[in-house]
2 protein chains.
Amino acid sequence: MMTEFGLIEAIRRGCEALPKNDFEGIGDDCAVLPIGEGEALVYTTDLLVERIHFLREAATPEEVAHKALHVNLSDVAAMGVRPVATLLSVALPREMMQGDWAERFTQSYIAASKACGVALIGGDTTASERDIVINVTAIGRGSQSHLKRRRDARVGDLICVCGELGASGAGLRQILEGRGDTPLARLHKLPTAQIREGMLLGEWPEVHAMMDLSDGLAGDLKHILKASQRGAEVELEQIPIAEGADLDTALSGGEDYKLLLTLRPEAFEELKSTLHERLDCPLYPIGRIIESPAAEIRWTLRGEKVEGQREGFRHY
Amino acid sequence: MMTEFGLIEAIRRGCEALPKNDFEGIGDDCAVLPIGEGEALVYTTDLLVERIHFLREAATPEEVAHKALHVNLSDVAAMGVRPVATLLSVALPREMMQGDWAERFTQSYIAASKACGVALIGGDTTASERDIVINVTAIGRGSQSHLKRRRDARVGDLICVCGELGASGAGLRQILEGRGDTPLARLHKLPTAQIREGMLLGEWPEVHAMMDLSDGLAGDLKHILKASQRGAEVELEQIPIAEGADLDTALSGGEDYKLLLTLRPEAFEELKSTLHERLDCPLYPIGRIIESPAAEIRWTLRGEKVEGQREGFRHY
């Protein structure tokens with residue numbers, strides 16, 4: 001059986017047969033197009049499907065709009081540049097055109113775009129037979145020298161996260177238990193892309209690799225390790241666990257949308273205080289990049305090695 | 001009840017409250033981003049939903065892939081520039097991951113991209129509960145001076161189409177009658193974007209306004225007229241009707257994806273022979289742009305005025 005990762009992999013392999021037309025290939029949070037004078041554009045796209053990513057009964061149109069926008073802007077932020085525009089596709093069941101869902105969704109999407117300083121430059125709308133479908137393509141723009149890629153982790157780098165983990169996963173659990181309006185449930189429903197954080201981190205050459213945490217730390221860190229052909233040693237006691245979450249959720253729960261980065265260790269203290277002072281954003285060191293061709297993660301707890309594979313979740 | 005045009009209109013109005021970030025606003029086949037040195041990028045996005053745009057039983061994965069790509073490239077071609085890349089989102093019902101649909105779709109999408117010289121730079125894949133959903137975002141690149149917009153039709157311009165009309169609509173009718181493998185049915189299933197034609201027309205400053213015919217001549221011409229605040233006189237006997245189609249289908253059938261343009265009349269003969277010689281593409285004059293603040297179309301038949309509104313189709 002093909003998984004969604006298998007499908008992505010098939011697409012990735014096929015791409016290599018295609019002309020590049022000056023774009024960098026697949027493999028990061030965004031595709032990159034250098035446009036001259038040291039500038040680059042970046043591109044990402046995300047598809048949200050009702051019953052898979054949200055439930056109409058459980059999520060308001062405002063929440064769906066916010067999430068559709070922010071999960072895309074998060075990918076742009078993870079490249080270290082500013083999101084500048086989106087294209088929005090919406091399919092709605094015919095009967096929903098009669099209610100106010102479409103209007104509320106649209107207004108919220110526009111309000112959220114405004115709050116993030118992002119243009120809306122195009123779209124497509126259509127009917128569907130049954131499910132709501134939203135696709136957003138986001139475009140970012142910035143200095144080529146600010147771009148952060150997954151492949152750039154170096155041996156000795158500190159691995160850091162820009163916030164506590166597991167809140168979204170814990171919130172999802174509460175929603176599934178029928179408690180849909182707890183603070184954690186709201187965090188799950190209204191994830192916030194670390195846009196200003198990403199732009200600030202882009203300006204620091206000491207930040208080497210970066211990505212956003214959408215599928216859980218354990219799985220996502222693997223992407224950086226594979227792209228960089230390095231390994232990692234992660235200290236479980238250093239993982240910042242969000243209030244109300246536990247270690248397992250912090251490691252494997254998805255959709256926290258906090259930035260994960262690797263950093264020249266000498267820059268840590270200054271970057272930490274800069275992030276704190278300018279954006280009130282924490283920076284937690286959780287481990288180090290090590291030599292390891294197999295992209296292995298060594299988990300430790302108070303200096304002792306811990307066994308067990310901790311993987312991100314899949315939609316399949 | 002809100003229609004899809006109502007939803008698009010709500011989005012369009014909302015956009016005006018958003019920053020532009022150097023992009024031109026909504027209103028053409030593509031959004032435009034000037035990037036310096038006389039160059040521009042253009043963007044469009046299209047969402048295809050099973051049961052609305054295609055039937056799994058009636059369309060092969062190869063046909064869906066081809067169509068998803070070409071309807072987007074057609075929008076780029078209609079701007080007068082070269083399509084350079086796409087982003088592809090695919091949602092598939094879980095049970096379809098077990099068959100070869102995903103593999104065949106992916107291979108076809110890549111083969112079609114290769115044939116068009118277009119890169120695939122990103123994507124998203126996910127499960128869906130029931131329906132196949134495909135979203136494509138296409139990017140084009142070219143000289144700013146080549147860009148053709150809907151708003152640039154001028155009084156006195158010849159209105160022309162780059163091919164016979166109605167084939168796709170007639171093919172759809174045959175498919176609905178159970179004849180799925182006639183030549184017209186195949187044309188409906190495998191529409192071809194006029195990529196090289198669009199790029200050639202982009203180079204001609206005498207071509208003023210341009211768009212691709214996706215919703216039918218009668219409805220689409222209105223878009224040019226409204227954007228240009230002009231009217232049109234169209235001679236019904238000049239409409240090039242595809243073999244097997246009739247006048248009504250040529251006017252109101254959608255999805256022909258032929259280019260519709262307005263042209264300085266003095267350039268017609270030379271452009272016609274250039275298109276014919278270089279690309280074996282016909283150019284049919286069907287009327288003229290006239291003064292008319294109401295964006296009215298005056299239909300004539302052998303010099304006599306004909307009454308009746310002929311509109312494009314809606315998905316709602």
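Everything here concerns the structure above.
Note that this is a predicted model, so its numbers are computed, not measured.

S.K.: What is the right way to read the overall build of chain A from this model?
M.R.: Helix and strand content of chain A: nine helices and twelve strands. Taken against the 2.2 N^0.38 rule, which gives 20 Å for 316 residues, the C-alpha radius of gyration of chain A at 19 Å falls within 12% of a compact globule. Over its C-alpha atoms, taken along the principal directions, chain A stretches across nearly 60 × 50 × 45 Å. Of the contacts formed within chain A by residues at least 6 apart in sequence, a portion of 83% connects residues at least 24 apart. Put simply, chain A shows about 12,400 Å² of open surface, and 46% of that area lies on carbon and sulfur atoms. Taking the average place of the 35 positive charges on the side chains of chain A and the average place of its 50 negative ones, the gap between the two points comes to 1 Å.

S.K.: Teacher, can you tell me more about helix H9 (residues 268–279) of chain B here?
M.R.: In an α-helix there are 3.6 residues to a turn, and that puts residues three or four apart on one side. Residues and elements named next belong to chain B. Given a rise of 1.5 Å per residue, twelve residues ought to cover 16 Å, and the 16 Å separating the end C-alpha atoms of H9 matches this to within 8%. For H9, the complete set of buried residues consists of Phe-268, Leu-271, Thr-274, Leu-275 and Leu-279. Across the axial projection of H9, the buried residues extend over an arc of 135 degrees, all falling on one side. Projecting away from the buried face of H9 at angles above 90 degrees are the exposed residues Glu-269, Glu-270 and Glu-277. Buried residues along H9 sit in contact with strand S6 (158–161), helix H6 (195–202), strand S7 (207–212), strand S9 (259–263) and strand S10 (284–290). Of the residues one or two after H9, Asp-280 is the one with positive phi, at around 55 degrees.

S.K.: It is not clear to me how the interface of chain A and chain B should be interpreted in this structure. Could you clarify?
M.R.: One frequently used descriptor of interface size is the decrease in accessible area upon assembly of the parts. The interface of chain A with chain B comprises 72 residues on the first partner and 72 residues on the second. For the pair chain A and chain B, the number of links is two salt bridges. Where B:Asp22 meets A:Arg141, a salt bridge forms, and the shortest distance between an N and an O atom there is 3.8 Å. The tally of links between chain A and chain B comes to twelve residue pairs in polar contact (both at pLDDT 80 or more). If you list the elements that add at least two residues to the side of chain A that touches chain B, you get helix H1 (4–15), strand S1 (31–36), strand S2 (39–49), strand S3 (82–93), helix H3 (101–115), strand S4 (119–128) and strand S5 (133–143) of chain A. Of the residues forming the side of chain A that touches chain B, the biggest block, ten residues, is contributed by S4(A).

S.K.: How do you make sense of the pairing of strand S7 (residues 207–212) of chain A when you look at a structure like this?
M.R.: Each regular strand shows side chains that alternate between the opposite faces of the sheet. Residue and element names in this part refer to chain A. A large share of S7 lies buried, amounting to six of its six residues. Relative to strand S9 (residues 259–263), S7 is paired through four bridges, and the arrangement is antiparallel. Its bridge partner being in S9, Val-207 is matched across the sheet by Leu-263.

S.K.: Would you take a moment to explain the sheet that holds strand S12 (residues 304–306) of chain B for this structure?
M.R.: The strands that make up a sheet pair up through hydrogen bonds in the backbone, lying either parallel or antiparallel. Residues and elements named next belong to chain B. In spatial order, the strands read S7-S9-S6-S10-S8-S11-S12; together these seven strands make up an open sheet with mixed pairing. Where the open sheet ends on each side, the last strands, each with one partner, are S7 and S12. Taking the axes of each pair of neighbouring strands and ignoring which way they run, one obtains an average angle of 30 degrees across the sheet. The strands that H6 touches are S7 and S9; relative to S9, the one it contacts most, it runs at about 15 degrees. Strands in contact with helix H7 (residues 217–228) are S6, S7, strand S8 (231–235), S9, S10 and strand S11 (297–301); relative to S7, the strand with the most contacts, it is inclined by about 135 degrees.

S.K.: How should the relation of the copies chain A and chain B be read in this particular structure?
M.R.: Relating one copy of the chain to the other requires a rotation about an axis plus a shift along that axis. Expressed as a screw operation, the relation of chain A to chain B combines 0.0 Å of axial shift with a rotation of 180 degrees, fitting to an RMSD of 0.0 Å. In the structure described here, the two chain copies are related by an operation that fits a two-fold rotation axis. By residue overlap, the copies meet face to face through one surface: 100% of the interface positions of chain A are interface positions in chain B.

S.K.: For this particular structure, what's the right way to read the packing of helix H2 (residues 61–77) of chain A against H3(A)?
M.R.: A pair of packed helices is characterised by two quantities: the angle between their axes and the separation of those axes. All names here are of chain A. The interhelical angle for the contact between H2 and H3, taken along N-to-C directions, is 40 degrees, at an axis separation of 8 Å. Judged on the interaxial angle alone, H3 and H2 are oblique. Relative to H3, H2 is oriented so that their crossing is right-handed. Residue-level contacts link Pro-61, Glu-62, Val-64, Ala-65 and Leu-69 of H2 to Trp-101, Arg-104, Phe-105, Ser-108, Tyr-109, Ala-112 and Ser-113 of H3. Of the residues contributing to the contact of H2 with H3, the split by class is eight nonpolar, two polar and two charged.

S.K.: Just to check I follow, could you spell out the environment of A:Lys272 for this structure?
M.R.: Along the chain, the position of A:Lys272 falls in helix H9 (residues 268–279). Separated by eleven residues in sequence, A:Lys272 and A:Leu283 have C-alpha atoms that sit 5.5 Å apart.

S.K.: Just to check I follow, could you spell out the pairing of S5(A) for this structure?
M.R.: All names here are of chain A. Judged by how many residues are buried, S5 sits mostly within the fold: ten of eleven residues are covered. As judged from the eleven bridges shared by S2 and S5, these two strands associate in the antiparallel manner. For Val-49, the partnering residue across the bridge sits in S5 and is Val-133. Judged from the nine bridges that link them, S3 and S5 form a sheet pairing that is antiparallel. In the strand pairing of S5, Arg-82 is matched with Arg-141.

S.K.: Before we go on, may I ask you to explain the side chain of A:Glu63 in this structure?
M.R.: All names here are of chain A. Residue position: Glu-63 is located in helix H2. A distance of 2.9 Å separates a polar side-chain atom of Glu-63 from the backbone nitrogen of Thr-60. Those residues in contact with Glu-63 that sit more than four places away from it in its chain are Ala-58, Lys-189 and Leu-190.

S.K.: Looking at this model, I keep getting lost on the packing of aromatic side chains. Mind explaining?
M.R.: We describe a pair of aromatic rings using the distance from one ring centre to the other and the angle between the two ring planes. Evaluated as defined, the whole model comprises seven aromatic pairs over all chains. Taken together through their ring pairs, the aromatic side chains of A:Phe23, A:Tyr43, B:Phe23 and B:Tyr43 make up a single cluster.

S.K.: Sorry, what's going on with the sheet that holds S3(A) here?
M.R.: Residue and element names in this part refer to chain A. Overall, mixed pairing links the five strands, which are arranged S1-S2-S5-S3-S4 in an open sheet. Each edge of the open sheet carries a strand with a single partner, namely S1 and S4. When strand polarity is set aside, the average angle formed by the axes of neighbouring strands in this sheet is 15 degrees. The pairing of S1 with S2 spans five bridges and is classified as antiparallel. Across the sheet, the residue bridging to Pro-34 is Ala-40, located in S2.

S.K.: Help me out: how do you make sense of the packing of helix H6 (residues 195–202) of chain A against H9(A) in this one?
M.R.: Residue and element names in this part refer to chain A. Running from N to C, H6 and H9 cross one another at 140 degrees; their axes reach a closest spacing of 11 Å. In this view, H6 runs oblique relative to H9, as classed from their interaxial angle. You can see that H6 and H9 cross each other, and the crossing is right-handed. Every residue of H9 that contacts H6 at Arg-196, Glu-197, Leu-200 and Leu-201 is listed here: Leu-271, Thr-274, Leu-275, Arg-278 and Leu-279. Of the residues in the contact of H6 with H9, the class split is five nonpolar, one polar and three charged.

S.K.: Help me out: how do you make sense of the pattern of salt bridges in this one?
M.R.: Two side chains carrying opposite charge are able to pair once their charged atoms lie near each other. With the rule as written, the count across this model stands at 28 salt bridges over all chains. Two residues, B:Asp131 and B:Arg130, come together in a salt bridge whose shortest N-O distance is 3.5 Å. Taken together, the shared-partner salt bridges in this structure form one network comprising A:Asp22, B:Glu39 and B:Arg141.

S.K.: What am I meant to see in unusual backbone geometry here?
M.R.: Residues other than glycine predominantly adopt negative phi, and peptide bonds predominantly adopt the trans conformation. Residue and element names in this part refer to chain A. The phi angle at Arg-51 is positive, at roughly 75 degrees, despite the residue not being glycine. You will see that Tyr-257, though not glycine, has its phi angle at about 55 degrees, which is positive. Relative to the helices and strands, Tyr-257 is located in the loop between helix H8 (247–252) and S9. With a relative accessible area of 8%, Tyr-257 lands in the buried category.

Rules behind the numbers
- Within each chain, residues carry numbers counting from 1 in the order of the written sequence.
- All chains are assigned letters beginning with A, and all ligands numbers beginning with 1, in the order in which they are written.
- The predicted origin of the model limits local features to residues at a pLDDT of at least 70 and limits the giving and counting of side-chain atom pairs to 80 or more, whereas totals for whole chains, interfaces and linings rest on all residues.
- Remark: hydrogens and water are excluded; side-chain values derive from all non-hydrogen atoms of the structure.
- Helix and strand labels come from DSSP, where a helix needs a run of H or I of at least four residues and a strand needs a run of E of at least two; each type is numbered from the N terminus.
- Note that the radius of gyration is over C-alpha atoms, with the globule rule given as 2.2 Å times the number of residues to the power 0.38.
- Throughout, a contact is declared for two residues whenever any of their heavy atoms are within 4.5 Å.
- Each accessible area is a Shrake-Rupley result for a 1.4 Å probe, and residues are judged covered by the shown protein chains and nothing else.
- Only four residue types enter the tally: Lys and Arg on the positive side, Asp and Glu on the negative side; His and the chain ends are excluded.
- Each charge is placed at NZ for Lys, CZ for Arg, CG for Asp and CD for Glu.
- In a helix, the anticipated span is given by 1.5 Å times the number of residues less one.
- Throughout, exposure labels follow a simple rule: accessible area from a 1.4 Å probe, protein chains only, divided by the maximum for the residue type, with under 20% read as buried, over 50% as exposed, and the rest as partly exposed.
- By arc we mean the arc of the directions from the helix axis to the C-beta atoms, nothing more.
- When a carboxyl oxygen of Asp or Glu lies within 4 Å of a side-chain nitrogen of Lys or Arg, that pair is called a salt bridge.
- Any N or O atom pair separated by 3.5 Å or less is treated as a polar contact, with the protein-specific requirement of one donor-capable and one acceptor-capable atom, and with residues adjacent in sequence counted only for side-chain atom pairs.
- Should DSSP find at least two bridges between two strands, the strands are regarded as paired.
- Angular values range over 0 to 180 degrees, each being the angle between N-to-C directions of two axes fitted as lines to C-alpha atoms, with helices fitted over their stretch in contact.
- Fitting of the copies onto one another was done by least squares over C-alpha atoms, counting residues only where both copies have pLDDT of at least 70.
- By definition in this entry, angles of less than 35 degrees are roughly parallel, angles greater than 145 are roughly antiparallel, angles of 65 to 115 are roughly perpendicular, and the rest are oblique.
- Handedness of a crossing follows from how the near helix is turned relative to the far one, being left-handed for an anticlockwise turn of less than a right angle and right-handed for a clockwise one.
- Three residue categories are used. Nonpolar comprises Ala, Val, Leu, Ile, Met, Phe, Trp, Tyr, Cys and Pro, charged comprises Asp, Glu, Lys and Arg, and polar comprises the others, including Gly.
- Any Phe, Tyr or Trp ring, taking Trp's six-membered ring, that has another such ring centre within 6.5 Å forms a pair; planes under 30 degrees apart are called stacked, those over 60 apart edge-to-face, and the others tilted.

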